[in-house]
Amino acid sequence: MDDMKDKSIHFTAQKLSDDIQNMKIYQAFYTEIQKLVSSPNVKKDDFKVTLLESMRKTGMETELRNTVFHWVRSHNNRDSDGICSIVREPLTYLRKAQLQWEKRIHKSLNSMCGELGVPLARLRQTTDREELEEKWTELSTYDIDLSQYRPVYAPKDFLEVLLLIRSPNYRVQDDGVWDFTQIPLKVKSITELRALYQELSRGEALLGVNPYMASSSSYPTLEAERTALGEKVLLSNQAPVAQEFLKRGSPRCLRGRLWAQVLGSAVKQTHREYFAELKHLVLQHDLMVDKLIIKDVQLTASNDDQYFVFEDVLYQVMLCFSRDTEILSVFNHSSASPINAVLKSRSPTLENTVIYPPSGVIPFHGFTMYATPFCYLYDDPVALYHTLRAFYMRYWFRLHEVSSHPQGLLALCILFERLLQRHEPQLWMHFKLMNVQPIRVVFKWLMRSFSGHLPPEQLLLLWDLVLAYDSLEIQALLAVAILSFRRENLLQVNNQQNVEAVLADLSSIAVMPLLQLTLMRD
């Protein structure tokens, strides 16, 4: 057993070493190491000790530790419960459902191209390229007719697909399928959630509960105490420490830097150069999905009182997102596959097939809302883009695919239903008597990660927790908490339209106290 363990550690170390050598940071890091080795601080007769000490003093040890931390997180993200699986989706019937869904998206995209008489991609004309470059920082003035374009799909379309999925081991009941009983995935109980979210369930003092809460130390308020501590965390530059700090909420003034530290997305010169490359690709090629992105910004963020002022920067980052081939790495551990397109006037061979769009991600109605909250954290589009991308590649990609992964949207829907049925039985029965499926009411919250539904400050507190606990399960818990909070009003209505009216305005929802009360109650 010990021998097997040693081999496992050896192979993991070898894989880590190989992967680091393929990272963009490797060459610069290796150059710095060489300089350090040749410096007088590293002694030949005590090489190992003096080298490690020099690395610690120069901050290179911390940088290496953070690199390992991000590598381990990314590899844990690929496997459910840490068990490596050769098959990206182990359940055959879910793989089949995802494949059918992808074909449907592909067909919808191609039919729209046919109807409008536009190609999936083409080189931009010189006048168009010049206009786009001239208006890059004010793209809301970029004049383009989008009246004939429509979203490829919306959250409600994806929900219908999920509700039609059947496990081959499930026997259909006489009254048909009303919930996700037909998909037997294992999800956490409230006891397990309390163990995961200990800081909330223990009733600890959290930011977002009361901004004027007294501090337990010499600071006038909890926020002042957390701000001072957060500055020390940032100064340490330790990603795991920053992640732990977020469990009790982040002060507004530090959130952007803390998130970047946890995700490893702090901006360096290479980030700026890469963003410039993406911008160049946007200027060079006119993609059909560009219109879908611009249309989505217009339909969502531009019509939102909280986000319309960020319209220009949203165009920039979302257009660059569609060209980013580094996003394709999520498909190595996702149940989804990118769409392939054949080059125009070429034979359908492997050599003439390309991934479309380059990022592999087809935007849906509301896709822009994944980006909007970051506009409150970063003035710099480059910083905004790289943290958004890191968040998407860590979490959001799971919210629009058919998957059995415990962090996938399907598992979140099942978790929501089981928590509601177990802890709000009266409300559950009321929904059943109305013949209203509770998941239809909250699905758009879960798929958008509550963006566009909660006020920005409350949403950012929720995303603090997503990042701190490295889990999306807090979303399902919050959805149940909101229904529980509005229980009395919900019990007085008798149809879905009125249910949605009761839950339409979440501006009064305070995320932290609501979650804390839900986890602390018997």
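Because the structure is predicted, anything quoted here is derived from the model rather than measured.

A. Looking closely at helix H5 (residues 92-116). For H5, spanning 25 residues, the distance from its first C-alpha to its last is 36 Å, which sits close to the expected 36 Å at 1.5 Å a residue. Its buried side turned inward, H5 meets helix H7 (155-163), helix H14 (288-299), strand S3 (339-342), strand S4 (353-356) and helix H17 (409-423). One or two steps after H5, the chain reaches glycine 117, where phi turns positive at roughly 70 degrees.

B. Expanded view of the side chain of glutamine 182. Among the structural elements, glutamine 182 can be located in the loop between H7 and helix H8 (190-196). Owing to a relative accessible area of 0%, glutamine 182 belongs among the buried residues under this scheme.

C. Seen up close, the pairing of S3. Only one face of S3 is covered, namely the one carrying Ile339 and Ala341; the face carrying Asn340 and Val342 has none of its residues buried. Summarising the sheet, S3 and S4 pair through 4 bridges and their orientation is antiparallel. Residue pairing across strands places asparagine 340 opposite isoleucine 355, the latter belonging to S4.

D. Representation of the packing of H14 against helix H15 (residues 311-323) in the model. Packing of H14 against H15 leaves a shortest axis separation of 10 Å and a crossing angle of 150 degrees. Taken as axis vectors, H14 and H15 run roughly antiparallel relative to one another. By crossing handedness, the relation of H14 to H15 is classed as right-handed. Residue-level contacts link Val289, Asp290, Ile293, Ile294, Val297 and Gln298 of H14 to Glu311, Leu314, Tyr315, Met318, Leu319, Ser322 and Arg323 of H15. Classifying every residue of the contact of H14 with H15 by side-chain character gives 8 nonpolar, 2 polar and 3 charged.

E. Structural view of the environment of phenylalanine 245. With respect to the helices and strands, the residue phenylalanine 245 is situated in helix H11 (residues 239-245). Taking the relative accessible area as the measure of exposure, phenylalanine 245 reaches 6% and is therefore buried. Each C-alpha atom, one on phenylalanine 245 and one on leucine 132, is 42 Å from the other, the two residues being 113 residues apart in sequence. If near-sequence neighbours (up to four positions away) are discounted, phenylalanine 245 is found in contact with Arg226, Leu229, Gly230, Val233, Ser250, Pro251 and Leu258.

F. Main features of the nonpolar core. Judged by nonpolar contacts, the single largest core of 155 residues is most densely connected at Phe180, Trp259, Phe374, Phe391, Trp396, Ile439 and Leu483. Ignoring any residue separated from it by four or fewer positions in sequence, one finds leucine 483 in contact with Phe416, Leu420, Leu427, Phe431, Val442, Trp445, Leu490 and Leu503.

G. Quick look at helix H16 (residues 381-394). Under the 1.5 Å per step criterion, the end-to-end length of H16 is 20 Å for 14 residues, consistent within 8% with the ideal 20 Å. Extensive coverage of H16 is indicated by the burial of 12 of its 14 residues. Within H16 the residues assigned to the buried category are Val382, Ala383, Leu384, Tyr385, His386, Thr387, Leu388, Arg389, Ala390, Phe391, Tyr392 and Arg394. The N-terminus of H16 is capped by aspartate 380, whose side-chain oxygen sits 3.0 Å from the backbone nitrogen of valine 382.

H. Molecular detail of the packing of helix H19 (residues 438-447) against helix H21 (residues 473-485). Close contact between H19 and H21 brings their axes to 10 Å; oriented N to C, the two are set at 140 degrees. Between H19 and H21, the interaxial angle falls into the category oblique. Crossing hand, H19 versus H21: right-handed. Contacts between H19 and H21 involve Val442, Trp445 and Leu446 from the first element and Gln475, Ala476, Ala479, Ile482 and Leu483 from the second. Tallied by class, the residues present in the contact of H19 with H21 amount to 7 nonpolar, 1 polar and no charged.

Here is what the cut-offs are and how they apply
Residues numbered from 1 in each chain as written. Predicted model: local features only at pLDDT ≥ 70, side-chain atom pairs only at ≥ 80, totals over all residues. Heavy atoms only, no water. Helix = DSSP H or I, 4+ residues; strand = E, 2+ residues; numbered from the N terminus. Expected span 1.5 Å × (residues − 1). Contact = heavy atoms within 4.5 Å. Buried < 20%, exposed > 50% of the residue type's maximum accessible area, 1.4 Å probe, protein only. Pairing = 2+ DSSP bridges. Axes fitted to C-alpha atoms, helices over the stretch in contact; angles between N-to-C directions. Parallel < 35°, antiparallel > 145°, perpendicular 65-115°, else oblique. Left-handed = near helix turned anticlockwise from the far one by under 90°. Nonpolar A, V, L, I, M, F, W, Y, C, P; charged D, E, K, R; others polar. Core = buried A, V, L, I, M, F, W, Y, C linked by side-chain atoms within 4.5 Å. Polar contact = N/O pair within 3.5 Å; in protein donor to acceptor, adjacent residues only side chain to side chain.

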